[in-house]
Amino acid sequence: AQSVTQPDIHITVSEGASLELRCNYSYGATPYLFWYVQSPGQGLQLLLKYFSGDTLVQGIKGFEAEFKRSQSSFNLRKPSVHWSDAAEYFCAVGAAGYGGSQGNLIFGKGTKLSVKP
Amino acid sequence: NAGVTQTPKFRILKIGQSMTLQCAQDMNHNYMYWYRQDPGMGLKLIYYSVGAGITDKGEVPNGYNVSRSTTEDFPLRLELAAPSQTSVYFCASRGAGAGYEQYFGPGTRLTVT
């Protein structure tokens, strides 16, 4: 069965410091991978996605993520964090292919990011 | 371009009451989803629909019902509300084909007391 693990429940970084949020997935076939961000009281916004090709993908707001098949990981990174990045971040995996349930996403439990001034 | 809209934003229900959470999208998406989000638990899929007239259960369907009479609308019905249904509910939609990016509404915060 598909699953997504985000090992860190809460991370605090200083403004201007680099950031890496971890995501590990379990899925036997080709996964589609996503990172979403949720600001307090808001819905989820897509940061970036990986389907195939270049394993380093760029997203919005200066975020990037690297797909490592050998480690079943899709970690999110940002070189310099801004106070406005404080939010909750969700990793999700979807199954490639077709059919009714294909494309349904499985979400991790999220990592809450706090930013110190 | 409104995207995915949800109403109401907030609601307090008494135990045993019923209500319908509304969701609409204007992107002509075939696929629509209902999730619930509980603190520290991520998002759990309640029901989904692959097109008008076609719905199926997700991971946590008990206590809920859905219908999909049009492409645009996907209401979620709670019958006999229970405290365990206190949660934030999100509706999402996506287009057909490869990509699978889901677009989310702003959510409905429901409290059952």
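Whatever comes next refers back to the structure up there.
Residues numbered from 1 in each chain as written. Chains lettered and ligands numbered in written order. Predicted model: local features only at pLDDT ≥ 70, side-chain atom pairs only at ≥ 80, totals over all residues. Heavy atoms only, no water.

**Q** Quick rundown of the pattern of salt bridges? Include the residues and the values.
**A** Applying the stated criterion to the full structure yields eight salt bridges over all chains. Here Glu59(B) and Lys44(B) are joined by a salt bridge, their closest N and O atoms 3.6 Å apart. Pair noted here: Glu59(B) is in the loop between strand E6 (54-57) and strand E7 (64-66) and Lys44(B) is in strand E5 (residues 43-51), with a separation of 15 residues, a long-range link. In this structure, a network of salt bridges that share partners links the residues Glu64(A), Glu66(A) and Arg77(A). (Salt bridge = Lys/Arg side-chain N within 4 Å of Asp/Glu carboxyl O. Helix = DSSP H or I, 4+ residues; strand = E, 2+ residues; numbered from the N terminus.)

**Q** Residue-level account of the pairing of E6(B), with values.
**A** Residue and element names in this part refer to chain B. Note: E5 against E6, four bridges, orientation antiparallel. By the bridge assignment, Ser 49 is partnered in E6 with Thr 55. Counted along the chain from E5 to the antiparallel partner E6, the turn is two residues long, and its residue Gly 53 has a positive phi close to 85°. (Pairing = 2+ DSSP bridges.)

**Q** If you had to explain the sheet that holds E7(B) to someone new, which residues and values would you point to?
**A** Residues and elements named next belong to chain B. Read from one edge to the other, the open sheet built from four strands follows the order E1-E3-E8-E7, with strand pairing classed as antiparallel. Here the strands that pair on one side only, and so sit at the sheet edges, are strand E1 (4-7) and E7. In this sheet, adjacent strand axes meet at a mean angle of 20° when their direction is disregarded. Bridging between E7 and strand E8 (residues 76-78) involves three bridges; their strand directions are antiparallel. Across the sheet, Val 66 pairs through a bridge with Leu 76, a residue of E8. (Axes fitted to C-alpha atoms, helices over the stretch in contact; angles between N-to-C directions.)

**Q** I'd like a rundown of the state of the cysteines, residues and numbers included.
**A** A full pass over the atoms with the stated rule returns two disulfides over all chains. Covalently, Cys23(A) is tied to Cys91(A) through a disulfide, its sulfur atoms 2.0 Å apart. Residues Cys23(A) and Cys91(A) are joined by a disulfide whose S-S torsion is about -65°; by sign, that bridge is left-handed. With a gap of 68 residues between them, Cys23(A) in the loop between strand E3 (19-21) and strand E4 (24-26) and Cys91(A) in strand E10 (residues 87-95) connect regions that are remote in the sequence. Taking relative accessible area as the criterion, Cys23(A) reaches 0% and is therefore assigned buried. Each sulfur in the disulfide pair Cys23(B) and Cys91(B) lies 1.8 Å from the other. In this structure the cystine formed by Cys23(B) and Cys91(B) twists about its S-S bond by roughly -70°; its chirality is therefore left-handed. A residue pair is termed long-range when its members are at least 10 positions apart, and Cys23(B) in strand E3 (residues 19-25) and Cys91(B) in strand E9 (residues 87-94) qualify at 68 residues. We note that Cys23(B), like Cys91(B), is buried. (Disulfide = S-S within 2.5 Å. Buried < 20%, exposed > 50% of the residue type's maximum accessible area, 1.4 Å probe, protein only.)

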